[in-house]
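What follows is each chain in one-letter form.
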Protein chains: 2
Amino acid sequence: MITNKWEKISEKVEKIGYKTVHHKSFKMPDGLVGEFTTWGKEGAHNAGVIAVTKNLQVVIARQFRPGPEIMMDEIPGGGVENGEDLQDAALRELREETGYITNGKITYLGSALREAYSNETSHYFLALDCELSHGQELDDSEHVEVVLISVDELLYNAKNAKMTDAVAVLMAYDELKEVTHE
Amino acid sequence: MITNKWEKISEKVEKIGYKTVHHKSFKMPDGLVGEFTTWGKEGAHNAGVIAVTKNLQVVIARQFRPGPEIMMDEIPGGGVENGEDLQDAALRELREETGYITNGKITYLGSALREAYSNETSHYFLALDCELSHGQELDDSEHVEVVLISVDELLYNAKNAKMTDAVAVLMAYDELKEVTHE
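To keep things clear, this report deals only with the structure shown in the data block. Keep in mind it's a predicted model, so treat the numbers as computed, not measured. (Residues numbered from 1 in each chain as written. Chains lettered and ligands numbered in written order. Predicted model: local features only at pLDDT ≥ 70, side-chain atom pairs only at ≥ 80, totals over all residues. Heavy atoms only, no water.)

For the rest of this paragraph, the subject is the pattern of salt bridges. Applying the stated criterion to the full structure yields 30 salt bridges over all chains. Ionic pairing is found between Arg114 of chain A and Glu115 of chain B, a salt bridge with its closest N-O pair at 3.1 Å. Placement of Arg114 of chain A in the loop between β9 (106-112) and β10 (121-132) and of Glu115 of chain B in the loop between β9 (106-112) and β10 (121-132) is noted, with the two residues assigned to different chains. The buried category is assigned to Glu115 of chain B, whose relative accessible area is 18%. The closest approach of N and O atoms between Glu93 of chain B and Arg92 of chain B, which form a salt bridge, is 3.2 Å. Overlapping salt bridges bring together Lys8, Glu11, Lys24 and Glu42 of chain A together with Glu69 of chain B as one network. (Salt bridge = Lys/Arg side-chain N within 4 Å of Asp/Glu carboxyl O. Helix = DSSP H or I, 4+ residues; strand = E, 2+ residues; numbered from the N terminus. Buried < 20%, exposed > 50% of the residue type's maximum accessible area, 1.4 Å probe, protein only.)

What follows is the structure in structure tokens.
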């Protein structure tokens, strides 16, 4: 076993453009020092939601993504604010990005660590009986088109690089199968 | 539709520690300029493999991850070299990180764009009938413990933040169910 044989010996935080970088060095199991560059605020959390309407359609926040430079069919989500409850954050992002709210069951699906060199944790929820309540409340740099897709399309998108939070679909897989075949 | 209304107007590449950062600015659909900081080499590809033995165990490269700072049960994988075939890269990483090779069917599962602000693409394969061939061939900063787990454990790990490439498990879900229930 090599567990717990890594010991952090230094960490330097740097702001690069709009992102935070942590330069970390560790004493590795062989006693040598390894230096690594990691991305994102230490301890930051993101929350996203698979929002399903009464008609079993999934509420998607279609938007341009600056990394891949393509439009992607994302589930609503974003950063959790200081002191904010994870579920409150997911439902706030749903409301702001799409104008939808939920009147039904909300399930915490779980958390994911999506990148070996990212310091951030993603949390996912499934919300049923969602409905349009009002318009979007977008930030200046947000341009989001709200589209409704089927659960089958969501599954296709998750498997085919059309959304970044594909792991949420794996977490919701069994429950989505259940609600769509009732 | 807001597709195709984003126009790149500048891109500056910077080396930050061991990572590459691209500062990109785009003319957005409303005519304003948006500036974004993205992570990873433009056009870089990673390849990973869900490697299953004849006894239906999954070959895992257990390793410390500098972002989350925990041990994770990763599928073997890494960067595709210049001009290297994606499948060759995945099988090379399998061989180097674990000493395992495949004698069976190899399936391309698909690609994923895992982060909105990452410039890299991940590709995944499923390889059956894998067996231990020789020892590991690790780089200096790699410390990998090879462990064998069940397909059920792989599924659990993917849903519970124990591995970063969880989307690969979604892509392989139906085929894994099929091979484990033959």
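Having put the structure on the table, let's press on.
Next up on the list: the interface of chain B and chain A. Contact with chain B, which involves 63 residues of that partner, is made by 63 residues of chain A. Here chain B packs against chain A, burying approximately 5,500 Å² in sum over the two surfaces, 66% of which is carbon and sulfur. Where chain B touches chain A, the interface holds eight salt bridges. Of all the elements in the fold, those that place two or more residues in the side of chain B that touches chain A are β1 (7-16), β2 (19-27), β3 (33-39), β5 (57-65), β6 (70-74), β9, α2 (151-159) and α3 (166-180) of chain B. With seven residues, α3 of chain B is the single largest residue contributor to the side of chain B that touches chain A. A per-class count over the side of chain B that touches chain A returns 32 nonpolar, 14 polar and 17 charged. (Contact = heavy atoms within 4.5 Å. Buried area = accessible area lost by both parts, 1.4 Å probe. Nonpolar A, V, L, I, M, F, W, Y, C, P; charged D, E, K, R; others polar.)

Moving on to the relation of the copies chain B and chain A. Relating the two copies of this chain is a rotation about some axis coupled with a shift parallel to it. Between the two copies, chain B and chain A, the superposition gives an RMSD of 0.0 Å; the rotation angle is 180° and the shift along the axis is 0.0 Å. Each copy turns onto its partner about a two-fold axis. Mapped onto chain A, 100% of the interface residues of chain B again fall at the interface, so both copies present the same surface. (Least-squares fit on C-alpha atoms with pLDDT ≥ 70 in both.)

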